[in-house]
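Letter by letter, the chains look like this.
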Amino acid sequence: MVARILILTADEFTWPNDNKKPVLFLGEWCRRYNRKSYWHRLNAEVVPYHWNDRQKLYKDYKRLQNLNEKLLIELSEKLNQIHSVNFSLRYWKILIGPWLGLFIEILFDRWFMLKQTIEKKEISECAIIERNPMSVVPNDMKHFSNLHIEDDWNEAIYGQLLNKYWNDLVTVKKIHKPSNNNENNSQFGISINTYIKNNIERFLIPLFNRLFPKDDGYFFIESYLSLKTNIKLQISLGQFPKLWSRLAVPTIKPNLHQRKFLLSDQKSASTTFEDVVRQFIPLHIPTAYLEGYKDLRKVTSQCNWPKSPKCIFTSNAYNSSDFFKIWAAEKTESNTKLIIGQHGGHFGMTPFAFHEKHQIDIADKWLSWGWSDGSEPKIIPVGNLKCYDKKVKYNPNGVALMVEMTLPRYSYHLATFPISGQWLDYLEDQKDFLKSLPYEIRKKVLLRLFPSDLGWDQISRWKDDMPEVMIDTGKKNIRKLIKNSRIYISTYNATTYLESLSWNIPTIIFWNPNHWELKKEVEPYFELLKSVGVFHETPESAAQKMIDVWNDISSWWYSEKLQTARQQFCKQFSRNNCTLAEDLKKIFKN
């Protein structure tokens, strides 16, 4: 076996200067497409990804969920002690739960990849960046969401793991890299309309709310309701309509001295993952939960949000807004009800998903877009919160709108979708679909890319392989694109096709069932769509259907059998509810 230099990330600063030395890439995340001209010349191998075994993925998910519940109890008790408070486990789950669950799943992936590689491969050496460990500590959940998708943060995690647990088996070379103030500031691209909307929310809404103060009303934030439905609902609940937006979390620097606490049963010499994560949590917990906790409580107590709301409703703020989470957590301690609405697709369909389980766990009521679960009474089907009162038309002679997605190059929360380098398999499916179309139809496909590239270099890949395909960078309003399209091609299990089906837009869906696994009980609904040519499990089948209907899409789409199948599917997963405001009023009143 040839001894190889281990490469951890795409940061070439840590790669060997001698490009003739054999190297081992820890994963596909190391190989940026825009650097292919360099790395394809190397004597290199790529470590097989452990979660290509999807049965292992499911088993690991279940084990990590059990560990998450155990560590949540330990960390909650420790934080109560550190901050001299006595809040409930639910309080801490609302506040730290999204970070803790995600961090555990991320750290396990990084730890396991190193472990299996060092055990199975001969590694000569590995270079890591020498750094202050506090330099990669997130300020809050939003900051962490930006950090964990970047090479720099992942290099730090791999480096800390390697140096602590395997430096006796691998020669670890520590190198100094000049700091870059622009690193770790990844942001999703936004349109000018979103920019204007964000600034209106930031400056005008707080001023408006001060004109009509009330501390015991219903609090809606990032509800996904249309403005019209939101206002109508609030008036029906007997309050003057208010629009709230998330507020910033104070920025506090980490303090290593405050991070020298231990969790229960921690064994510093142990290398089992359970003890590894116990050692890493104090080093990586966001400052908002430790050094900045008292400041965060102070600013939320002084803000103009209601002091005693009747109930709190959100579809999105429960995850990344620590300002909202600590405020809402304290209100639930006083028995204020927390209601969470479904904010997209994939929900109710997947055998496992951390983010779905967490939302339902912390909510008093969880509002679905149509589905229910007999084992979980919290779930109340109300219909699609986003689609009601929105009318969208399509052009029978327009282009084909094909909607793409990206996912982080490094794994993040676990669910049934492509993970890490499996996105490359997804990309090949997209190419196979387009290559199966006649050239004249392919030229009329508008490829809508995901607005955040996440390091996959989407545009370069498509221009190199299929320059004839039109590209939209994902910034334009999707409804405006649909107006110029004859058919909508959905390529992944998320919000996109639920909206197009609700709007009754001609739609073809395809994805790899080995990466987008479904619950057994929802498979009949997709079989229904398959029977009328809407849903496909191979790109070739989807392409053939598009060829068959291309010249007369409306006749196919408006057939009685297809429309019946569409309506049955939407009733379960994306129901248009013309009495949405009235139904929500009853739920909030009760």
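Everything here concerns the structure above.
From a predicted model like this one, the values you see are computed outputs, not experimental measurements.

## Re the overall build of the protein
Item 1. Broken down by element type, the protein carries 22 helices and 16 strands.
Item 2. The globule rule puts the C-alpha radius of gyration for 590 residues at 25 Å, and the 25 Å found for the protein is close to it.
Item 3. In terms of overall dimensions, the protein has C-alpha extents of about 70 × 60 × 45 Å along its principal axes.
Item 4. Relative to its full complement of 590 residues, the protein shows a buried share of 58%.
Item 5. Accessible surface for the protein amounts to roughly 25,300 Å². Of this, 50% is attributable to carbon and sulfur atoms.
Item 6. Charge centroids of the protein, computed over 81 positive and 65 negative side chains, lie 6 Å from each other.

## Brief notes about the sheet that holds strand β4 (residues 123-129)
Item 1. The strand order across the open sheet formed by five strands is β3-β2-β1-β4-β5, and the pairing between neighbours is parallel. Lying at the two open borders of the sheet, with one neighbouring strand each, are β3 (44-46) and β5 (171-175). Across the sheet, the mean angle from the axis of one strand to that of its neighbour is 30 degrees, orientation sign disregarded.
Item 2. Relative to β5, β4 is paired through five bridges, and the arrangement is parallel. The residue of β5 that forms the bridge with I129 is I175.
Item 3. On the sheet, helix α5 (residues 151-165) packs against β4 and β5 and is oriented at approximately 130 degrees with respect to β4.

## What to know about the sheet that holds strand β16 (residues 535-536)
Item 1. Read across the open sheet, the six strands follow the order β13-β12-β11-β14-β15-β16; overall the sheet is parallel. A single partner strand is all that each edge strand has here, and the edge strands are β13 (470-472) and β16.
Item 2. Bridge count for strand β12 (residues 445-448) against β13 is three bridges, and the pairing is parallel. Bridging across to β13, L447 finds its partner in I471.

## Some remarks on the pattern of salt bridges
Item 1. The tally for this structure, following the rule as stated, stands at 38 salt bridges.
Item 2. Note that E222 is salt-bridged to R246, the shortest N-O span being 2.7 Å. Placement of E222 in the loop between β6 (218-221) and α7 (227-236) and of R246 in the loop between α7 and α8 (273-284) is noted, with a sequence separation of 24 residues between them.
Item 3. E527 is paired through a salt bridge with K530; the nearest N and O atoms lie 3.2 Å apart. Of this pair, E527 and K530 both sit in helix α18 (residues 523-531), three residues apart, which is roughly one turn of the helix.
Item 4. Look at E527 and you get partly exposed, because its relative accessible area is 44%.
Item 5. Judged by its relative accessible area of 30%, K530 falls in the partly exposed class.
Item 6. Via salt bridges that share partners, K70, E74, E274, D275 and R278 belong to a single interconnected network.

## A closer look at the pairing of strand β7 (residues 311-314)
Successive side chains on a regular strand alternate, one facing one side of the sheet and the next facing the other.
Item 1. Across the two faces of β7 the burial is the same, with C311 and F313 and I312 and T314 all buried.
Item 2. When β7 meets strand β8 (residues 337-341), the two strands line up parallel, connected through four bridges. Bridging across to β8, C311 finds its partner in K337.

## Overview of unusual backbone geometry
Item 1. Residues other than glycine seldom take positive phi values, yet N335 does so here, at roughly 75 degrees.
Item 2. With respect to the helices and strands, N335 occurs in the loop between α11 (322-333) and β8.
Item 3. Phi angles above zero are rare outside glycine, and H346 is one such case at about 85 degrees.
Item 4. Tracing the chain through its elements places H346 in the loop between β8 and α12 (354-362).

## A closer look at the nonpolar core
Item 1. Counting residues in each nonpolar core, the largest one holds 191 residues, and the members touching the most others are M546 and F588.
Item 2. Among residues more than four places away in sequence, those in contact with M546 are A400, F433, L437, I441, V445, I487, I489 and I508.

Calculation criteria
- Residues numbered from 1 in each chain as written.
- Predicted model: local features only at pLDDT ≥ 70, side-chain atom pairs only at ≥ 80, totals over all residues.
- Heavy atoms only, no water.
- Helix = DSSP H or I, 4+ residues; strand = E, 2+ residues; numbered from the N terminus.
- Rg over C-alpha atoms; globule rule 2.2 N^0.38 Å.
- Buried < 20%, exposed > 50% of the residue type's maximum accessible area, 1.4 Å probe, protein only.
- Areas by Shrake-Rupley, 256 points an atom, 1.4 Å probe, with all protein chains shown as cover.
- Lys, Arg positive; Asp, Glu negative; His and termini not counted.
- Charge placed at Lys NZ, Arg CZ, Asp CG, Glu CD.
- Pairing = 2+ DSSP bridges.
- Axes fitted to C-alpha atoms, helices over the stretch in contact; angles between N-to-C directions.
- Contact = heavy atoms within 4.5 Å.
- Salt bridge = Lys/Arg side-chain N within 4 Å of Asp/Glu carboxyl O.
- Core = buried A, V, L, I, M, F, W, Y, C linked by side-chain atoms within 4.5 Å.

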